[in-house]
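# Summary of structural features
Residues per chain, in single letters:
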Amino acid sequence: MDRAVHLTASVLLSYPDERLAEALPLLTETVGTLPAGEPARRLRAFLDHAAATPQQDLAEHYVATFDLKRRCCPYLTYYTYGDTRKRGMALLRFKHAFREAGFEPAEGELPDHLAVVCELSARGGTAQASRLLREHRPGLDLLLRALESERSPYAHVVAAVLATLPPATARERAAAAKLAAEGPPAEEVGLPPYPVNGSGPEAGPTPPFPTDGGSR
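Our subject in this report is the structure included herewith. (Residues numbered from 1 in each chain as written. Predicted model: local features only at pLDDT ≥ 70, side-chain atom pairs only at ≥ 80, totals over all residues. Heavy atoms only, no water.)

### What about the environment of Cys118?
- Tracing the chain through its elements places Cys118 in helix α7 (residues 114-122).
- Each C-alpha atom of the pair Cys118 and Asp2 lies 9.7 Å from the other, and the pair is 116 residues apart in sequence.
- Contact partners of Cys118, with chain neighbours within four places excluded, come to His6, Leu7, Ala9, Ser10 and Val161. (Helix = DSSP H or I, 4+ residues; strand = E, 2+ residues; numbered from the N terminus. Contact = heavy atoms within 4.5 Å.)

### A closer look at helix α2 (residues 18-32)
- In this model α2 runs 22 Å from its N-terminal to its C-terminal C-alpha over 15 residues, within 8% of the 21 Å that 1.5 Å per residue would give.
- For α2, the full list of buried residues reads Leu20, Leu24, Leu27, Thr30 and Val31.
- Residues of α2 that are buried make contact with α1 (2-12), α3 (38-52) and α4 (55-67). (Expected span 1.5 Å × (residues − 1). Buried < 20%, exposed > 50% of the residue type's maximum accessible area, 1.4 Å probe, protein only.)

### Some details on the nonpolar core
- Counting 55 residues, the largest nonpolar core has Leu114 and Val158 as the members making the most contacts within it.
- It is helix α10 (residues 154-162) that provides the largest number of residues to this core, a total of eight residues.
- Excluding anything up to four places from it in sequence, Val158 contacts Leu13, Leu114, Leu140, Leu143, Leu144 and Leu147. (Core = buried A, V, L, I, M, F, W, Y, C linked by side-chain atoms within 4.5 Å.)

### Quick word on the environment of Pro25
- The residue Pro25 is located in helix α2 in this model.
- For Pro25, a relative accessible area of 55% gives the class exposed.
- Between the C-alpha atoms of Pro25 and Ala51, which are 26 residues apart in sequence, the distance is 9.3 Å.

This is the structure in structure tokens:
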């Protein structure tokens, strides 16, 4: 079941161009085979929204959410390491997980993008992808909270992915609370921010995440 959920999420969390419209019937069929529960309910809610929304509107919302709101960053290592040199080392762990599963990340995309990690699972590296998702559970929890505060339908997709993981531990809940209060680490003095291609945070020091539902 996890692989089917991650397959669907990997498509839905990618930029919604015309390929999404073409994939909607197959994705709807895939979700229809899932057992009743949180992942199926959440994915079905987003699919219903996507089917009823013009592609241009979906694309504009995607950019406004993931490109222009730092707190809705889809890159998992950003939450733990911000734009610091340590993030580069963390990204290597993602690349190693892909190679362990026999794959290479798509050229031009960082391997810690949530859609890319879900794609790894969909392509057969479910164990490696699930490990990475568990390791970055606090960031995922914070992303979900931010999307919900924005009333974004993408919250359904992130919630579906989170529902494939074990319940959060007390330590993970504490880490998410600390991250919400303090935000990711600020840029290290004298070091350029780690490059991010496509969606994601703009360069520069990162103040704490807002906790009042505001956006950046």
